[in-house]
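Fold and contact review
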Amino acid sequence: MQYTISAPKQVSAYKVALPTSKSISNRALILNALAYSAKPIKNLSDSDDTQLMLKALQSESNVFDVGAAGTTMRFLTAFLSKIVGEWTITGSERMKQRPIKILVEALNKLGAKIEYIEQEGYPPLRIYGSALEGGDLELSGNVSSQYISALLMIGPTMKDGLRLTLSGEIISRPYISLTLKMMETFGVKSYWKGNTITVPEGNYQATDFSVEADWSAASYWFQIAALSKDCQLNLQGLKRYSEQGDAKVAALFKQLGVNAKFSQKGLMLTSSEITTNKFSYNFIEQPDLAQTFAVTCCCLGIPFKFTGLQTLKIKETDRINALIVELKKMGFVLNSNQIDDLSWDGATCKKDEKPCISTYKDHRMAMAFAPAALIIGDMQIDDPGVVSKSYPRYWDHLKEFGFGVKEK
Ligand SMILES: O=C(O)C1=C[C@@H](OP(=O)(O)O)[C@@H](O)[C@H](O)C1
Ligand SMILES: C=C(OP(=O)(O)O)C(=O)O
């Protein structure tokens, strides 16, 4: 299926009921389960990734299919490792290409027994769960922070707690801080000094917990504000001093002509002056924002140089490649070392008459490209249903704002 997206005839004011964060929801569900709490988590995300986590935790089966949900795969692997029983965890074809060896080896060192069912280093996994000893562990911090978060959350349940020493460059650091903060909310305080995180043995406490709105989802509305100039958006449910690393989007979009101001009513976005003629940023702490900024900068005609993209190749798709191929359809020629950077020096090529953007089973490809209709005119988005991974109501919201969103 494809949607044809057309720009709104008239840009107006719109109040956006943002989805809540899947990252926070999935941590809250694991911590709630580890606290043996009967209190439901409030404002859980309606995303596929969270619904899959919820389903797995409520399931009577010992076989779990987590689809394309990275956090669900990684957090559940650690969670199941410490529960006595035999468990099988699998996922989508793409999930079977997303590495998990670092986490599996770490859990095996802590006393778990995890085997690969198909390809070594990748899901699906067979987990023979047992009480884990814990103790000292060294772990690479430069592949996915989700391995670290997964281990930290089960840390207090181990006999000796956990002392994790991270090696290499630490990527996606705010997601680790978010995990530690949420663990503290559930009653266990940890200590992060230098490259070592110490989690004492302890018990999580049942807590009333409500999930805040998703700053990554908000990024698409910053993009819409940047590309549509005079619109007024009111984003609902965001926390001003959020632990979400993607809250950085507000400061970054200031350079691209979006003014963001918190009021009693929500986060108000209005247009302001663009203050840069070249956008340079290291996305090591906000990998999920890279697509939003690549599309926005091209549409605004602002050359860019992004670094810190080394994790993009192992996400829902190879996002570096996907951006290069799809932006070319819109007439923009990008460059990359195919490792960790992406740049645009302003080079253009002939644009497809009505570009049809492939989304590679990646929600962020669909969500970051659709706003481009404001600048390039009618375009198509292939497989638009992918947005349900994090923001199921995305298309409804675009329609309410005024975009044309029609089945081809
Ligand atoms: O812990 C989390 O909730 C996440 C961590 C990040 O992944 P990596 O640590 O693999 O970069 C991010 O890209 C993902 O969307 C969610
Ligand atoms: C990378 C993402 O998700 P995950 O790794 O949890 O599948 C994402 O939502 O952009």
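The structure displayed is predicted, hence computed values, not measured ones.

Conventions and cut-offs
Residues numbered from 1 in each chain as written. Chains lettered and ligands numbered in written order. Predicted model: local features only at pLDDT ≥ 70, side-chain atom pairs only at ≥ 80, totals over all residues. Heavy atoms only, no water. Helix = DSSP H or I, 4+ residues; strand = E, 2+ residues; numbered from the N terminus. Buried < 20%, exposed > 50% of the residue type's maximum accessible area, 1.4 Å probe, protein only. Contact = heavy atoms within 4.5 Å. Lys, Arg positive; Asp, Glu negative; His and termini not counted. Charge placed at Lys NZ, Arg CZ, Asp CG, Glu CD. Domains from an automatic or database assignment. Buried area = accessible area lost by both parts, 1.4 Å probe. Salt bridge = Lys/Arg side-chain N within 4 Å of Asp/Glu carboxyl O. Polar contact = N/O pair within 3.5 Å; in protein donor to acceptor, adjacent residues only side chain to side chain. Nonpolar A, V, L, I, M, F, W, Y, C, P; charged D, E, K, R; others polar. Near = heavy atom within 4 Å. Areas by Shrake-Rupley, 256 points an atom, 1.4 Å probe, with all protein chains shown as cover. Axes fitted to C-alpha atoms, helices over the stretch in contact; angles between N-to-C directions. Parallel < 35°, antiparallel > 145°, perpendicular 65-115°, else oblique. Left-handed = near helix turned anticlockwise from the far one by under 90°. Pairing = 2+ DSSP bridges. Phe/Tyr/Trp six-rings, centres within 6.5 Å; stacked < 30°, edge-to-face > 60°. Lys NZ or Arg CZ within 6 Å of the ring centre and 35° of its normal.

1. Let's talk about the overall build of the protein chain
Along its length, the protein chain carries 13 helices and 19 strands. If one aligns the C-alpha atoms of the protein chain with their principal axes, the spans along those axes are about 60 × 45 × 40 Å. The buried share among the 408 residues of the protein chain stands at 58%. Considering only contacts in the protein chain between residues 6 or more positions apart, those separated by 24 or more positions represent 72%. The centroid of the 46 positive side-chain charges in the protein chain is displaced by 4 Å from the centroid of its 42 negative side-chain charges.

2. Points about the domain arrangement of the protein chain
Taken domain by domain, the protein chain holds domain 1 (2–19 + 213–407) and domain 2 (22–199). Counting from both sides, the interface comprises 24 residues of domain 1 and, opposite them, 23 residues of domain 2. When the two sides are added together, the surface that domain 1 and domain 2 hide from each other amounts to roughly 1,900 Å², 51% of it contributed by carbon and sulfur. Sorting the residues of domain 1 by area buried against domain 2 places Glu243, Ile314 and Lys389 first, and these three jointly supply 34% of that buried surface. A salt bridge links Lys389 to Asp49; the nearest nitrogen and oxygen atoms lie 2.7 Å apart. At the boundary of domain 1 with domain 2, the tally comes to 10 residue pairs in polar contact (both at pLDDT 80 or more). Considered class by class, the residues forming the side of domain 1 that touches domain 2 number 5 nonpolar, 8 polar and 11 charged.

3. Comments concerning the site of ligand 2
Around ligand 2, the structure places 14 residues, and the nearest of them are Lys22, Gly70, Arg98, Arg364 and Lys389. Gly70 has a polar backbone atom sitting 2.8 Å from an oxygen atom of ligand 2. Within the side chain of Arg364, one N or O atom sits 2.6 Å away from an oxygen atom of ligand 2. About the coverage of ligand 2: the protein hides 98% of its 300 Å² of free accessible area. At the level of elements, helix H3 (70–81) and helix H11 (363–369) are the ones that each hand at least two residues to the shell around ligand 2. Classifying every residue of the shell around ligand 2 gives 2 nonpolar, 4 polar and 8 charged. Split by domain, the residues of the shell around ligand 2 number at least three in each of domain 1 (2–19 + 213–407) and domain 2 (22–199).

4. Examining the packing of helix H4 (residues 101–109) against helix H5 (residues 145–154)
Direction vectors running N to C along H4 and H5 enclose 25°, while the axes themselves pass 9 Å from each other. Considering the angle they form, H4 stands roughly parallel to H5. Considering only the axes of H4 and H5, their crossing is right-handed. Counting all contacts with H4, which are made through Ile102, Leu103, Ala106 and Leu107, the residues of H5 involved are Tyr147, Ala150, Leu151 and Ile154.

5. Thoughts on the site of ligand 1
Residues in contact with ligand 1 amount to 13 residues; listed here are only the nearest, Ser23, Arg27, Ser144, Ser145 and Asp288. One of the side-chain nitrogen or oxygen atoms of Arg27 is found 2.6 Å away from an oxygen atom of ligand 1. Contact between ligand 1 and Gln146: an oxygen atom at 3.1 Å from a side-chain N or O atom of the residue. Against a free-state accessible area of 390 Å², the protein chains account for coverage of 96% of ligand 1. Mapped by element, the contributors of at least two residues to the shell around ligand 1 are helix H1 (22–34) and H5. A class-by-class count of the residues in the shell around ligand 1 yields 3 nonpolar, 6 polar and 4 charged. Both domains that furnish three or more residues to the shell around ligand 1 are identified here as domain 1 (2–19 + 213–407) and domain 2 (22–199).

6. Some remarks on the pairing of strand S18 (residues 379–382)
Across 4 bridges, the pairing between strand S1 (residues 2–6) and S18 is antiparallel. Residue pairing across strands places Ile5 opposite Met379, the latter belonging to S18. Here strand S17 (residues 356–357) runs beside S18; their pairing, made up of 2 bridges, is parallel. Residue Cys356 lies in a different strand from S18, and its bridge partner there is Gln380.

7. Re the sheet that holds strand S8 (residues 162–167)
On the basis of which strands lie adjacent, the open sheet formed by 4 strands has the order S7-S8-S10-S9 and mixed pairing. One side of each edge strand has no neighbouring strand; the edge strands of this open sheet are strand S7 (135–140) and strand S9 (191–193). For this sheet the average axis-to-axis angle between neighbouring strands, irrespective of direction, equals 20°. Relative to strand S10 (residues 196–199), S8 runs antiparallel, the two being bridged by 4 bridges. Considered in S10, the bridge of Leu164 is made with Ile197.

8. Here we look at the side chain of Asp246
Locating Asp246 in the fold gives a position in the loop between strand S11 (232–236) and helix H8 (249–254). One buried charged residue, Asp246, forms no salt bridge at all, with the nearest opposite charge on Arg364 at 5.8 Å. Those residues in contact with Asp246 that lie beyond four places of it in its chain are Tyr175, Trp215, Ser216, Gln286, Asp288 and Leu289.

9. Digging into the packing of aromatic side chains
The relation between two aromatic rings is expressed through the spacing of the ring centres and the mutual angle of the planes. Summed over the entire model, instances satisfying the criterion amount to 21 aromatic pairs. With centroids separated by 5.1 Å and ring planes inclined at 65°, the aromatic side chains of Tyr394 and Trp395 adopt a geometry described as edge-to-face. Among the aromatic residues, ring-to-ring pairing joins Trp215, Phe222, Phe253, Phe262, Phe279, Tyr281, Phe283, Phe293, Phe304 and Phe306 into one connected group. Sitting above the plane of the Tyr128 ring, Lys113 keeps its charged end 4.4 Å from the centroid.

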